[in-house]
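# Understanding the architecture of this molecule
These are the residues of each chain, in order.
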Amino acid sequence: MKKRYLLILLFILLVTIVLLFFRYGGELLVTEDDLEDVEQTVLVLLMGSVGDRALGALELYENEKVDQIWMVQSHLEGRELLEEKNITIPGDAELSKRILTDSGVPEEKITIIPGDAESTKDEALAVRKYVQNHTEIDHLILTTSKFHSYRAKLIFNKALNDKGITIYSSPTPYDPYQARGWYRDREDIQRVTTEYMKLAHYFLLEQFQMK
């Protein structure tokens, strides 16, 4: 009888965990900070989804929250071979810059940091190297997709924890991701599943590679 009751309790616990995950799992991935007291600072626009993230950065620039926009050049498979053939294909950073400049952001306000980044960790490490020559920077705003915002802030805080830089997260409002009810949309299911796998990778391995 005791074994039966134990199994029932375990089943109830499992069902409760699953229900809580469906209800709150999508929202836990989203981190958005209050920017009321922030103005004329530097925004780091993370690569991955070009249009909606660039529009989020543009909105913050137009609202005078940011004065400079930084991006890290993303990895493009076969870039060197294409360049040898005099073929130039714009990466995410170049496309984002085009969106921003066509929308009225002066070119001198945008910096593409070399990095050949393949991950958020690579972007964070490239920014850490870049700020070594910009010691006046004490605040950074991160703009990325909503579902990516919690992990992105974790990674940047880890990378810049000895630089005295405060990290603010301001995910783009143009991201179609629905934090509540994510399980109703196939794309959101994929986003949530992939993001939790990447979070597990960060906690188990990646954070120890950022020393």
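The structure this text deals with has already been given above.
I will try to describe carefully the structure that is included in this document.

Rules behind the numbers
- Residues numbered from 1 in each chain as written.
- Predicted model: local features only at pLDDT ≥ 70, side-chain atom pairs only at ≥ 80, totals over all residues.
- Heavy atoms only, no water.
- Helix = DSSP H or I, 4+ residues; strand = E, 2+ residues; numbered from the N terminus.
- Buried < 20%, exposed > 50% of the residue type's maximum accessible area, 1.4 Å probe, protein only.
- 1 Å grid on protein atoms, 1.4 Å probe; cavity = no way out; pocket = protein on both sides within 12 Å on 5 of 7 lines; lining within 4 Å.
- Points joined across faces, edges and corners; volume = space filled by probe spheres on them.
- Nonpolar A, V, L, I, M, F, W, Y, C, P; charged D, E, K, R; others polar.
- Contact = heavy atoms within 4.5 Å.
- Salt bridge = Lys/Arg side-chain N within 4 Å of Asp/Glu carboxyl O.

## A closer look at the environment of Glu80
Along the chain, Glu80 turns up in helix H3 (residues 79–84). Given the relative accessible area of 63%, Glu80 is considered exposed.

## So, the layout of surface pockets
The computed volume of the largest pocket comes to approximately 480 Å³. Those elements that provide at least two residues to the lining of the largest pocket are helix H5 (120–131) and helix H7 (186–204). If you tally residues by element for the lining of the largest pocket, the top one is H7, at seven residues. Split by residue class, the lining of the largest pocket holds three nonpolar, nine polar and ten charged.

## Some thoughts on the environment of Leu140
Assignment of secondary structure puts Leu140 in strand E4 (residues 139–143). The exposure class of Leu140 is buried, given its relative accessible area of 0%. Once the C-alpha coordinates of Leu140 and Trp70 are considered, the two residues, 70 residues apart in sequence, prove to be 9.8 Å apart. The contact partners of Leu140, leaving out residues within four places of it in the chain, are Thr41, Val42, Val44, Trp70, Val127, Leu160, Ile165, Thr166, Ile167 and Tyr168.

## With respect to the pattern of salt bridges
Where charged atoms from two side chains of opposite charge come close, those side chains can pair. Here the structure, examined in full by the defined rule, presents seven salt bridges. Residues Lys109 and Asp67 are paired through a salt bridge, measuring 2.8 Å at the closest nitrogen-oxygen approach. Of this pair, Lys109 sits in the loop between helix H4 (92–102) and strand E3 (110–117) while Asp67 sits in strand E2 (residues 66–74); the two residues are 42 residues apart in sequence, bridging distant segments of the chain. With a closest N to O distance of 3.2 Å, Glu107 and Lys97 form a salt bridge. With Glu107 in the loop between H4 and E3 and Lys97 in helix H4, the pair connects residues that are ten residues apart, well separated along the chain. Among the residues examined, Glu107 registers a relative accessible area of 51% and is labelled exposed. When its relative accessible area of 22% is taken as the criterion, Lys97 is described as partly exposed.

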